[in-house]
Amino acid sequence: FQDITERKKTDAALRESEGRYRVITESMADTMLEANPSGRITYINHVMPSLTREQVLASTVFDFVPPNQVPIVKNALEGVFERGEVTSYETFGPGPNGESRIYEVRVSPIYAGDKVISAVFLARDITERKEMQEKLRKYSENLEELVAQRNVELNKTKKYLEQLISRLPLALVAWDKEFKIKTWNPEATQMFGFSEQESLERSPENLFSPAQGPSPVNRIWNQLLKD
């Protein structure tokens, strides 16, 4: 006779742990699979409608990526089993309806003691996110082009207005709120007898002093600033 009570308890605990593990993984939205060093798939939580679980378990991770990305997957597997590395990459793969989708894949090691016994591939469908990023990129490029075109138009308008102001038969003078001159056209120089540079220290009141009576300039100026 041999007492196997503890062994049976251990087996029951392992079955319970495995059942909990499967419930968690199969309820995930992401696709998760395990693979051995050769890339053979040993477990997958979601199977695409066009395939059976048996077909997937008879395949390798290389069967579900484009040929040009096989080296990337091989490097990820080598990194897991030889150095215990965690690797991430993006790849194309089949979607639920057979169309090509973009996946963000993270490859991590599973240990038994100090030894890596399998690699876990966690794949997340990021197709919509990549499409939105591409739309934002194109929108940004289009916006930059529109801004550039607008700047060209504004510069043309600015030059046109500058030419118009310079040819006005009237004196045109503009100040900012600190009485600093912003615009002074040639007719102003002709009318007042001094240049824009010479007028920098003069206030509006100094320029426009009526021949008789007090100057209304300060009152008008203050009213403008107020309203």
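Data block above holds the structure.
Read on for a plain summary of the structure.

**Things to note about the environment of Pro 94**
In step 1: Within the secondary structure layout, Pro 94 lies in strand β3 (residues 87-94).
In step 2: Of the residues examined, Pro 94 reaches a relative accessible area of 32% and is grouped as partly exposed.
In step 3: In this structure the C-alpha to C-alpha distance between Pro 94 and Val 65, which are 29 residues apart in sequence, comes to 8.4 Å.
In step 4: Contacts of Pro 94, omitting those with residues within four sequence positions, involve Met 48, Phe 64, Glu 99, Arg 101 and Tyr 103.

**Some thoughts on the environment of Val 120**
In step 1: Structurally, the position occupied by Val 120 is in strand β5 (residues 115-125).
In step 2: On the accessibility criterion, Val 120 (13% relative accessible area) is buried.
In step 3: Setting aside residues up to four positions removed in sequence, Val 120 forms contacts with Met 32, Leu 33, Glu 34, Arg 106, Val 107, Ser 108 and Ile 110.

**Points about a nonpolar patch on the surface**
In step 1: Together, Tyr 139, Leu 143, Leu 146 and Val 147 make up a nonpolar patch on the protein surface, roughly 380 Å² of accessible area in all.
In step 2: Structurally, Leu 143 can be placed in helix α4 (residues 127-166).

**Some words on the sheet that holds β3**
In step 1: One open sheet holds the 5 strands; their spatial order is β2-β1-β5-β4-β3, and the pairing between them is antiparallel. A single partner strand is all that each edge strand has here, and the edge strands are β2 (41-44) and β3. If you compare each strand with its neighbour and ignore which way they point, the axes differ by 30° on average.
In step 2: Pairing of strand β1 (residues 31-35) with β5, which is carried by 5 bridges, proceeds in the antiparallel orientation.

**Focus on the packing of aromatic side chains**
In step 1: Considering all chains together, one arrives at 3 aromatic pairs under this definition.
In step 2: Summarising the aromatic geometry, the rings of Trp 184 and Phe 194 are spaced 5.9 Å apart at their centres and angled 25° between planes, so their arrangement reads as stacked. Of this pair, Trp 184 sits in strand β7 (residues 181-184) while Phe 194 sits in the loop between α5 (186-192) and α6 (204-207), and the two are 10 residues apart along the sequence. Here Trp 184 matches Phe 194 in class, with each residue buried.
In step 3: Seen from the ring of Phe 62, Lys 74 lies directly overhead, with NZ or CZ sitting 6.0 Å from the centre.

**Things to note about the pairing of β2**
In step 1: Bridge analysis of β1 against β2 gives 3 bridges, and the strand direction is antiparallel. Bridging across to β2, Glu 34 finds its partner in Tyr 43.
In step 2: In sequence, β1 turns back onto β2 through a hairpin of 5 residues, with Gly 39 there showing a positive phi of about 95°.

Analysis parameters
- Residues numbered from 1 in each chain as written.
- Predicted model: local features only at pLDDT ≥ 70, side-chain atom pairs only at ≥ 80, totals over all residues.
- Heavy atoms only, no water.
- Helix = DSSP H or I, 4+ residues; strand = E, 2+ residues; numbered from the N terminus.
- Buried < 20%, exposed > 50% of the residue type's maximum accessible area, 1.4 Å probe, protein only.
- Contact = heavy atoms within 4.5 Å.
- Patch = residues over 30% accessible without salt bridge, like charges linked within 9 Å, V, L, I, M, F, W, Y side chains within 5 Å.
- Areas by Shrake-Rupley, 256 points an atom, 1.4 Å probe, with all protein chains shown as cover.
- Salt bridge = Lys/Arg side-chain N within 4 Å of Asp/Glu carboxyl O.
- Pairing = 2+ DSSP bridges.
- Axes fitted to C-alpha atoms, helices over the stretch in contact; angles between N-to-C directions.
- Phe/Tyr/Trp six-rings, centres within 6.5 Å; stacked < 30°, edge-to-face > 60°.
- Lys NZ or Arg CZ within 6 Å of the ring centre and 35° of its normal.

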